[in-house]
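If you want the building blocks of each chain, they are given just below.
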Amino acid sequence: MKKKLLQILFIAFISGLTSWRPQQACEVKVLSFNMHHGEDKWGNSNLRDVVKLIANHKPDIVALQAVDSLLEDGKINHQLRRLAVQAGMHYLYAASDSVSNGSHGVGILSRWSFENTQKMSLPHSVGADPRVMACGLVSPIKGFTFRVCTVRMEYASMFDRALQSAFVNRMLEPSIQPVLLAMDMGARPNEQPYFSYHDNWMDAAKGSYLPTWTEGISGDRLDYLMALKNTKVRVKAYKVIKDYPTTSDHYPILATFEFW
């Protein structure tokens, strides 16, 4: 009943919108990054590096995982809002779990305003940390709208990752709108649940062995940018950014998608 209600709400989320096919080719550059709760490898703030990263690569969309909103020294340190102000972008934050002084979550920065937003709680086993998926609807050009979603899955449990991937697929695959999905999946391309995305999703880095974990070796690709294969879309470029090796324990990934 709960899953059926979520699907009904998701249909309502996309109803009454503009065309799902652009009248002209439309490029979208997306950056995805697990920003390590706003701290570098030494426990210092990494927000300045994240701002530089955005300024240097000029993405249209920034999907962030492990981003926090905390009360520090009597002031709210809303990391995503601070990044949005400095980058001049719109923002969407979705808290996944609460801590004594705030919350952890995921977020999206967008060059375009959000026409609609949604937060969905992912299923998890007893005792596992809560996880969420955040989605925003944007319109980069007149007559064309697409959805971008970001999620951080449970890294410690293959069972939870499989459960969460099944949920993500169930919610997004029926979409009539194009969908771009940014994930810290916590799994390599030769592991479950990666295989569950084979049929209906285009992996921007398909065939790449470049690690996205800073302490990883070849093949340790844990972070993904994907496009739902429900419309004409292709990947024009993909890159693992290694300019900031101490900013997080993950490398940022950057992909350019073209819809037509």
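Structural data are supplied above this passage.
Residues numbered from 1 in each chain as written. Predicted model: local features only at pLDDT ≥ 70, side-chain atom pairs only at ≥ 80, totals over all residues. Heavy atoms only, no water.

(A) Looking closely at the overall build of the protein. Counting its regular elements, the protein contains 4 helices and 13 strands. Relative to its full complement of 260 residues, the protein shows a buried share of 54%. Carbon and sulfur atoms make up 52% of the accessible area of the protein, which totals about 11900 Å². (Helix = DSSP H or I, 4+ residues; strand = E, 2+ residues; numbered from the N terminus. Buried < 20%, exposed > 50% of the residue type's maximum accessible area, 1.4 Å probe, protein only. Areas by Shrake-Rupley, 256 points an atom, 1.4 Å probe, with all protein chains shown as cover.)

(B) Structural detail: the nonpolar core. Core analysis: the biggest nonpolar cluster contains 29 residues, and V28, V30, I61, F146, L180, L225 and F257 have the highest contact counts within it. Counting 22 residues, the second-largest nonpolar core is a separate cluster that includes V168, V179, M183 and Y197. (Core = buried A, V, L, I, M, F, W, Y, C linked by side-chain atoms within 4.5 Å.)

(C) Region of the structure containing the sheet that holds strand β11 (residues 223-228). Pairing in this open sheet of 6 strands is mixed, and the strands run β6-β7-β8-β9-β11-β10 from one edge to the other. One side of each edge strand has no neighbouring strand; the edge strands of this open sheet are β6 (114-121) and β10 (201-203). Neighbouring strand axes in the sheet, compared pairwise and without regard to direction, differ in orientation by 20° on average. As paired elements, strand β7 (residues 132-141) and strand β8 (residues 144-152) share 7 bridges and run antiparallel to each other. When the bridges of β8 are listed, C135 appears paired with C149. (Pairing = 2+ DSSP bridges. Axes fitted to C-alpha atoms, helices over the stretch in contact; angles between N-to-C directions.)

(D) Examining unusual backbone geometry more closely. Cis peptide bonds are those with omega within 30 degrees of zero, and the linkage from Q192 to P193 qualifies with 15°. With respect to the secondary-structure elements, P193 resides in the loop between β9 (179-184) and β10. Positive phi is not limited to glycine here, since K58 has a value of about 50°. Tracing the sequence through the fold places K58 in the loop between α2 (47-57) and β2 (61-72). For K58, a relative accessible area of 60% gives the class exposed. Phi is positive for A66, which is not a glycine, with a value near 55°. Tracing the chain through its elements places A66 in strand β2.

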